[in-house]
Amino acid sequence: MQEATSPARAVEPFEPRLTRIGAVDAVALEARSADLAKRSIKRGSKLEALDLIVRMIDLTTLEGADTPGKVAALCAKAMRPDPVDTTIPAVAALCVYPTLLKGSSVHVASVATAFPSGQSPIALRVAEARAAVELGADEVDMVIDRGAFLSGRHAEVFDQIVKVREACGPAHLKVILETGELGTYDAVRRASLLAMAAGADFIKTSTGKVSPAATLPVTLCMLEAIRDVHVETGRVVGMKPAGGIRHSKQAIQYLCVLHETLGRDWLTPQRFRFGASSLLNDVLMQIRTQKTGVYESPDRFTVD
């Protein structure tokens, strides 16, 4: 991630914003996301869109059975997704647990702060984020304490994000809201604004461990919060939908929603990511089909 985002790291008071957050019109939000999902792209632009999706992917493995060998294989795939087509770019990053970071030769995002629950003392979560950076993480994906947030202890969650932001030092911070547990679009918007005010470089929908994970309406809600902050302050904050995005058609729908909400400036890996494990293979299959005119089988690509 090369784009300088230092303005997004400036911490600003959150409580004064609470009265200005407003309610989200759920019906209008879902109708607009559904309408945008119907947008199509020209055949000539599809290959360009698929290439962009590859460059936006955080190739992810977050399982208890992950091994150094599995991560090494994913590193190789992250750097050269399709060994027989060298024109396909590397993915944005590899997202793994911090204990598996050592020796990685690709841009690395590490989860931290008692992932996926966020339920440990804040001192331990801060120490874990600091350790992830020391082990080589270029980016840290933290989870908020949803229990505290849903209990109305917003200032406490704000302060926790600030402390983790400080512990990350030069690394970029993605703040996971776990939107499937927040319940309402109002809560999603409030959590998005809270995370940005506390210094998040990116806001992220989900850990991938809770259903529902990323959805188009929730992503649109978060993108509109990013847009409003950008209009008001000029700050640039990125977005990462994660969990449940498995097919290129879905990913293109997300790009359409992104373009219509934030414009072409956000169509870059520096400002938008997909948290995915199975998406990459479907995109590679579609790229091969676009180039050869022959529908490819999933069996032609490695299983992650």
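In case you missed it, the structure is sitting above this.
Residues numbered from 1 in each chain as written. Predicted model: local features only at pLDDT ≥ 70, side-chain atom pairs only at ≥ 80, totals over all residues. Heavy atoms only, no water.

### Here's the deal with unusual backbone geometry
Cis geometry marks the peptide bond from Phe115 to Pro116, where omega comes out at 0°. A cis geometry characterises the amide bond from Ser211 onward to Pro212, with omega recorded as 0°. Following the sequence through the fold, Pro212 ends up in the loop between strand 6 (202-204) and helix 8 (216-233). Notably, Thr113 is not glycine yet its phi reads approximately 65°, a positive angle. Tracing the sequence through the fold places Thr113 in the loop between strand 3 (108-112) and helix 4 (122-134). Positive phi, close to 50°, is recorded for Glu178, a residue that is not glycine. Here Glu178 lies in the loop between strand 5 (172-176) and helix 7 (185-197). (Helix = DSSP H or I, 4+ residues; strand = E, 2+ residues; numbered from the N terminus.)

### Side note on the layout of surface pockets
Roughly 540 Å³ of volume is contained in the largest pocket. Lining of the largest pocket is provided by 27 residues; of these, Thr60, Gly208, Gly243, Ala276 and Ser277 occupy positions nearest its centre. Partitioning the lining of the largest pocket into residue classes produces eight nonpolar, 12 polar and seven charged. Taken as a whole, the second largest pocket holds about 430 Å³ of empty space. Along the wall of the second largest pocket there are 16 residues; nearest its centre are Ile41, Ala49, His259, Arg264 and Leu267. Where the lining of the second largest pocket is concerned, the elements lending two or more residues are helix 2 (43-56) and helix 9 (248-262). A total of six residues in the lining of the second largest pocket trace back to one element, the largest contributor, which is helix 2. A class-by-class count of the residues in the lining of the second largest pocket yields seven nonpolar, two polar and seven charged. (1 Å grid on protein atoms, 1.4 Å probe; cavity = no way out; pocket = protein on both sides within 12 Å on 5 of 7 lines; lining within 4 Å. Points joined across faces, edges and corners; volume = space filled by probe spheres on them. Nonpolar A, V, L, I, M, F, W, Y, C, P; charged D, E, K, R; others polar.)

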